[in-house]
Amino acid sequence: MSLSAVLLAAGPSPLPTPSQSPSVTVPTLQDAQESATNAASWVEQNWSTWLAIGLRVLLIVIIAGVLRVVVRRAITKLIDRMNRTVQAVDGTALGGLLVNAERRRQRSQAIGSVLRSVASFVILGTAGLMVLGTFEINLAPLLASAGVAGVAIGFGARNLVTDFLSGVFMILEDQYGVGDQIDAGVATGEVIEVGLRVTKLRGDSGEIWYVRNGEVKRIGNLSQGWATAGVDVTVKAGEDLDRVKATLDEVAEKMSKEEPWNELLWSPIEVLGLDSVLLDSMVVRVSAKTMPGKSLTVERELRWRIKRAFDAADIRIVGGATVPPEADPDADPTAAFAAPSVYSNAASAQAQAASPIDRPGVTAPLK
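Residues numbered from 1 in each chain as written. Predicted model: local features only at pLDDT ≥ 70, side-chain atom pairs only at ≥ 80, totals over all residues. Heavy atoms only, no water.

The helix and strand tally for the protein chain stands at 10 helices and eight strands. By the burial criterion, 24% of the 367 residues in the protein chain qualify as buried. In the protein chain, once contacts between residues fewer than 6 apart in sequence are set aside, the share between residues at least 24 apart is 64%. In the form shown here, the protein chain has an accessible surface area of approximately 26,200 Å², with 61% of it arising from carbon and sulfur atoms. (Helix = DSSP H or I, 4+ residues; strand = E, 2+ residues; numbered from the N terminus. Buried < 20%, exposed > 50% of the residue type's maximum accessible area, 1.4 Å probe, protein only. Contact = heavy atoms within 4.5 Å. Areas by Shrake-Rupley, 256 points an atom, 1.4 Å probe, with all protein chains shown as cover.)

Below, the structure is given as structure tokens:
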């Protein structure tokens, strides 16, 4: 059968009508009503859960806020009480041995700021974790990751952690502050900046030292409490001790009444007595308590005044442990030398008499 016969038997193919074309389904009012009914039913079923979660989150936020305010106010009152205690002690004999009130007030303010920041971080962090737990978020992976990260940071940056903790305890214990003259072992100088990780010092020659807080094993603070100014006066052993002591007392009394030395001296200048006695000299010790960091200044002024007072009183100050004996200006300078020997002249009669006798046939030894 040919192709044309088949086509004729099948007849003409029908053309598509407009009714058979694809059309877009338009939602009816009934469909919209069903969707709204389903949404309302879902909301009705879950509104209690949402309300409970919202109330729980609100309660956590309120409790965290109230607790934060209470803790910060408690820290502030504690710092204010410390300041009042310092002000009550300031001006007394005990307060003179301690750091001044302004210095302690600044330290207490710094401690209060650190404590308030730590308290806020702990309270708000805990509240945030509780809010996440309220939304049924699994916190175990988060806490585990934070723990692993903390261990890794602790091993990798242990020196940094050591420096930070040392800085925190340094501030809490008030070991030193800006303006103090300290000896940190590795460096000595004036503190110009204090940080939780690094302390910056300025040396005597103007150089700046950066000292890590974790590397400091000992601290010698030369600006806290008081300093001691000591002067050793060496005089001849033949001087009158009563006259020496009277001259030193006069210098001490006069210096203690003059400005600005009356403010730098925190105790009367004392003549402690003989520090050592030698065959030809003796050492008299003079000492006084001074303002921190001013001992060298007081010692220089005290030496200056003692020298002028001793010159006026005709008291001679000698130097060194021993004093060489004085030479008599009227004595003959050649008296200490022996007379020349006659044997030094080979042609003299004494030298000829002392020379060996030559014997015939005897050979003199080689020289």
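Moving on: a nonpolar patch on the surface. A grouping of Trp47, Leu51, Leu55, Leu58, Ile62, Val66 and Val70 is seen on the molecular surface, where their side chains present a nonpolar patch of about 680 Å² in accessible area. Within the fold, Leu55 resides in helix α2 (residues 29-89). (Patch = residues over 30% accessible without salt bridge, like charges linked within 9 Å, V, L, I, M, F, W, Y side chains within 5 Å. Salt bridge = Lys/Arg side-chain N within 4 Å of Asp/Glu carboxyl O.)

We now examine the confidence of the model for the protein chain. The predicted model of the protein chain has a mean per-residue pLDDT of 76, with 70% of residues at 70 or higher. Looking over the protein chain, one finds the lowest element-wise mean pLDDT in helix α3 (residues 93-97), namely 45, and the highest in strand β4 (residues 208-212), namely 91. Taken as a whole, residues 93-99 scores under 50 in pLDDT and shows 10 contacts with residues more than four places along the chain or in a different chain. (pLDDT = per-residue confidence, 0-100.)

Our focus in this paragraph is the sheet that holds strand β7 (residues 270-277). Strand-to-strand pairing in sheets goes through backbone hydrogen bonds, with the strands running parallel or antiparallel. If you trace the three strands from one edge of the open sheet to the other, you get β6-β8-β7, paired in antiparallel fashion. Two strands lie at the open edges of the sheet, namely β6 (227-236) and β7, each paired on one side alone. The average undirected angle you get between the axes of adjacent strands in this sheet is 25°. Where β6 and strand β8 (residues 281-290) come together, 10 bridges link them in antiparallel fashion. If you follow Thr228 over to β8, its bridge partner there is Lys289. Sheet strands touched by helix α9 (residues 295-312): β6 and β8. Its angle to β6, the strand with the most contacts, is close to 25°. (Pairing = 2+ DSSP bridges. Axes fitted to C-alpha atoms, helices over the stretch in contact; angles between N-to-C directions.)

Take the pattern of salt bridges next. In this structure the tally under the stated criterion is 12 salt bridges. Arg285 is paired through a salt bridge with Asp232; the nearest N and O atoms lie 2.7 Å apart. Of the two residues, Arg285 sits in strand β8 while Asp232 sits in strand β6, which places them 53 residues apart along the sequence. By relative accessible area, Asp232 is classed as partly exposed at 42%. The shortest N-O distance in the salt bridge between Glu253 and Lys257 comes to 3.3 Å. One end of the pair is Glu253 and the other is Lys257, both in helix α7 (residues 241-257) and four residues apart, which spans about a single turn. Relative accessible area serves as the criterion here: at 62%, Lys257 is assigned to the exposed category.

What follows is about the packing of α7 against α9. Two elements in contact, α7 and α9, have axes whose closest approach is 10 Å; the angle formed by their N-to-C orientations is 130°. As the angle between them shows, α7 and α9 are arranged oblique. Considering the relative orientation of α7 and α9, their crossing is right-handed. Listed contacts from α9 to Val244, Thr247, Leu248, Val251, Lys254 and Met255 of α7 are Val298, Glu301, Leu302, Arg305, Ile306, Ala309 and Phe310. Here the residues of the contact of α7 with α9 are counted per class, giving nine nonpolar, one polar and three charged. (Parallel < 35°, antiparallel > 145°, perpendicular 65-115°, else oblique. Left-handed = near helix turned anticlockwise from the far one by under 90°. Nonpolar A, V, L, I, M, F, W, Y, C, P; charged D, E, K, R; others polar.)

Below, the discussion takes up the nonpolar core. Leu248, Ile269, Val298, Leu302, Ile306 and Phe310 are the most contacted members of the largest nonpolar core, which totals 24 residues. Of all hydrophobic cores here, the second largest spans nine residues; its members include Met170, Ala184, Val191 and Leu201. (Core = buried A, V, L, I, M, F, W, Y, C linked by side-chain atoms within 4.5 Å.)

On to unusual backbone geometry. Look at the link from Glu259 to Pro260: it is a cis peptide, with omega at 0°. Secondary-structure assignment places Pro260 in the loop between α7 and α8 (261-264). In this structure, Asp314 is a non-glycine residue whose phi angle is positive, near 60°. Tracing the backbone through its elements, the reader meets Asp314 in the loop between α9 and α10 (349-353).

Note: β7 against β8, six bridges, orientation antiparallel. The residue bridging Val277 from the neighbouring strand is Met282, located in β8. Where β7 folds back onto β8 in an antiparallel hairpin, the turn is made up of three residues.

Now for α7. Between its first and last C-alpha atoms α7 spans 25 Å; for 17 residues at 1.5 Å apiece the expected length is 24 Å, and the two agree. All of the buried residues in α7 are Val244, Thr247, Leu248, Val251, Ala252 and Met255. On an axial view of α7, the arc spanned by its buried residues comes to 135°, and they lie on one face. Exposed side of α7, more than 90 degrees from the buried face: Asp242, Glu250, Lys254 and Lys257 are the residues found there. (Expected span 1.5 Å × (residues − 1). Arc of directions from axis to C-beta.)

Think of an α-helix as 3.6 residues a turn; residues three or four steps apart then line up on the same face. In this model, helix α6 (residues 158-173) (16 residues) spans 22 Å end to end at C-alpha, consistent with the 22 Å of a helix rising 1.5 Å per residue. Within α6, the full set of buried residues consists of Asp163, Gly167 and Met170. For α6, the buried positions fall inside an angular range of 65° around the axis, keeping them on one side. Count one or two residues on from α6 and you reach Asp174, which has phi positive near 55°.

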